[in-house]
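Now for the letters of each chain:
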Amino acid sequence: MAYVRAPERLGEIELPDGRLLGWAEWGPEDGVPVLLCPGAATSRRLGFGPEAVGPLGVRLVSADRPGLGASTPSPGRTFAGFAADMRALAARRGLAGPVLVGNSQGAPFALSCAAEGLGSAVAIVSGADEVAAPEFASALPGELRGLVDRVASDPAGAERFLRGLGPDALWSMVMDASPPSDLRVYRDPYFTAGYRRALEEAFAQGPDGYARDTVLAMGRWPFDLGEIGVPVDLWYGEEDTGHSPDNGRTLAARIPGARLHTVPAVGGAVLWKHPTSILRTALAHRAWPHGGDH
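Here's a quick rundown of the structure. (Residues numbered from 1 in each chain as written. Predicted model: local features only at pLDDT ≥ 70, side-chain atom pairs only at ≥ 80, totals over all residues. Heavy atoms only, no water.)

1. Focus on the environment of Val4
- Residue placement: Val4 occurs in the segment before strand E1 (9–14).
- Under the relative-accessibility criterion, Val4 is labelled buried at 13%.
- Separated by 46 residues in sequence, Val4 and Pro50 have C-alpha atoms that sit 6.0 Å apart. (Helix = DSSP H or I, 4+ residues; strand = E, 2+ residues; numbered from the N terminus. Buried < 20%, exposed > 50% of the residue type's maximum accessible area, 1.4 Å probe, protein only.)

Here it is, written out as structure tokens:
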């Protein structure tokens with residue numbers, strides 16, 4: 001099983017304000033559009049399901065968030081600004097009613113797009129939860145609690161602190177925190193090469209893009225999850241101890257009609273171990289009566 005593969009198409013679009021936005025694609029150009037919001041500090045090049053997108057007729061598109069990879073920095077950017085960027089990408093690349101996939105730190109970015117009315121369905125996979133929500137005040141380990149408090153009280157200082165991290169530190173954090181079930185994926189030589197390249201590319205312009213992403217994700221989310229009006233599936237590995245304090249139970253309860261899937265024998269590597277199930281479930285929602293952009 002191939003976990004990742006190099007993109008079949010790469011490019012950039014110019015956004016209305018003149019910034020560039022980098023994108024990558026896999027699968028048939030006339031396929032069903034699936035828009036990936038990738039995890040922390042990874043570039044557009046790290047996709048998923050290379051053996052699934054063709055048979056399922058999926059056109060998988062991944063985009064670099066501002067300041068990462070090929071995308072122009074946008075200091076002080078917001079979730080709403082990211083959703084506007086994705087709407088522009090969808091319009092320019094002909095991605096009508098895309099399925100949104102948010103992996104790890106990409107989860108709140110995908111949810112922000114859905115709250116803004118972009119997308120026909122959402123798959124949150126090993127999603128970074130809203131750890132600053134009051135429900136989790138007593139559930140976070142000390143180091144994480146301290147960073148969440150710092151983001152709340154001094155977001156600029158938190159960004160400065162996070163700028164001290166780089167691709168090697170991020171790789172070590174992932175490897176040190178992963179159970180053996182995930183390490184079997186991450187230590188696959190092709191996955192390792194693809195992941196490390198995506199990390200290096202994400203930091204090619206420096207650490208500011210990653211730092212801004214993390215402050216946004218670890219603060220209070222400024223969009224209303226209750227306004228999401230398309231089907232949402234959340235996928236968490238039962239061995240995942242890092243992405244959500246309760247493996248998505250509270251997050252699922254906050255999104256109308258959301259379905260929570262708990263996957264056995266895996267931690268945070270669900271996206272790469274179970275791409276066919278994730279995509280099939282999301283694609284089945286596209287015929288849902290209230291799907292599509294609205």
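2. Focus on the nonpolar core
- Val101 and Trp272 are the most contacted members of the largest nonpolar core, which totals 57 residues.
- Of the residues forming this core, the biggest block, five residues, is contributed by helix H8 (residues 189–202).
- One finds Ile13, Leu118, Ile124 and Leu234 within the second-largest nonpolar core, a separate group that totals 40 residues. (Core = buried A, V, L, I, M, F, W, Y, C linked by side-chain atoms within 4.5 Å.)

3. Considering empty space enclosed by the protein
- What the rule picks out here adds up to one cavity of 30 Å³ or more.
- Looking at the largest cavity, the residues that line it are Val4, Arg5, Trp26, Gly47, Phe48, Gly49 and Pro50.
- Class assignment of the residues belonging to the lining of the largest cavity gives a composition of four nonpolar, two polar and one charged. (1 Å grid on protein atoms, 1.4 Å probe; cavity = no way out; pocket = protein on both sides within 12 Å on 5 of 7 lines; lining within 4 Å. Points joined across faces, edges and corners; volume = space filled by probe spheres on them. Nonpolar A, V, L, I, M, F, W, Y, C, P; charged D, E, K, R; others polar.)

4. Things to note about the pattern of salt bridges
- Going through the model one piece at a time under the given rule, you end up with 20 salt bridges.
- Close ionic contact of Arg9 with Glu8 constitutes a salt bridge, the shortest N to O distance being 3.8 Å.
- Exposure remark for Glu8: the relative accessible area of 48% places this residue in the partly exposed category. (Salt bridge = Lys/Arg side-chain N within 4 Å of Asp/Glu carboxyl O.)

5. Here's the deal with the sheet that holds strand E3 (residues 32–37)
- Strand order across the open sheet formed by eight strands is E1-E2-E4-E3-E5-E6-E7-E8, with mixed pairing between neighbours. The open sheet has two free edges, formed respectively by E1 and strand E8 (259–263), since each of these has just one partner strand. With strand direction ignored, the average angle separating the axes of adjacent strands in the sheet is 25°.
- The pairing of strand E5 (residues 99–103) with strand E6 (residues 121–125) spans five bridges and is classified as parallel. Counted as the bridge partner of Leu100 is Val122 from E6. (Pairing = 2+ DSSP bridges. Axes fitted to C-alpha atoms, helices over the stretch in contact; angles between N-to-C directions.)

6. Topic: the packing of aromatic side chains
- Using the criterion set out here, one finds eleven aromatic pairs in the structure.
- Taken together, a centroid distance of 5.5 Å and an interplanar angle of 80° make the contact between Trp171 and Tyr195 edge-to-face. With Trp171 in helix H6 (residues 167–177) and Tyr195 in helix H8, the pair connects residues that are 24 residues apart, well separated along the chain. Each member of the pair Trp171 and Tyr195 is classed as buried. (Phe/Tyr/Trp six-rings, centres within 6.5 Å; stacked < 30°, edge-to-face > 60°.)

7. What to know about the environment of Thr192
- Secondary-structure assignment places Thr192 in helix H8.
- Taking the relative accessible area as the measure of exposure, Thr192 reaches 23% and is therefore partly exposed.
- Excluding residues that lie within four positions of it along the chain, Thr192 makes contacts with Trp171, Tyr186 and Arg187. (Contact = heavy atoms within 4.5 Å.)

8. Let's talk about the layout of surface pockets
- Quantified by volume, the largest pocket comes out at close to 1400 Å³.
- Put simply, the parts of the chain that give the lining of the largest pocket at least two residues each are helix H4 (142–153), helix H5 (155–162), H6, helix H7 (180–186), H8, helix H9 (208–218) and helix H11 (270–273).
- Here the second largest pocket is characterised by a volume of approximately 160 Å³.
- Together, Val4, Arg5, Ala6, Pro7, Arg45, Leu46, Tyr190, Ala193, Gly194 and Arg197 line the second largest pocket.
- Its residues assigned to classes, the lining of the second largest pocket shows six nonpolar, one polar and three charged.

9. Topic: unusual backbone geometry
- In the Ramachandran plot, Ala41 falls in the positive-phi region, its phi being about 60° despite a non-glycine side chain.
- By secondary structure assignment, the location of Ala41 is in the loop between E3 and helix H1 (53–56).
- For Ser104, which is not glycine, the phi dihedral falls at a positive 50°.
- Locating Ser104 in the fold gives a position in the loop between E5 and helix H3 (107–115).
- Look at Ser104 and you get buried, because its relative accessible area is 17%.

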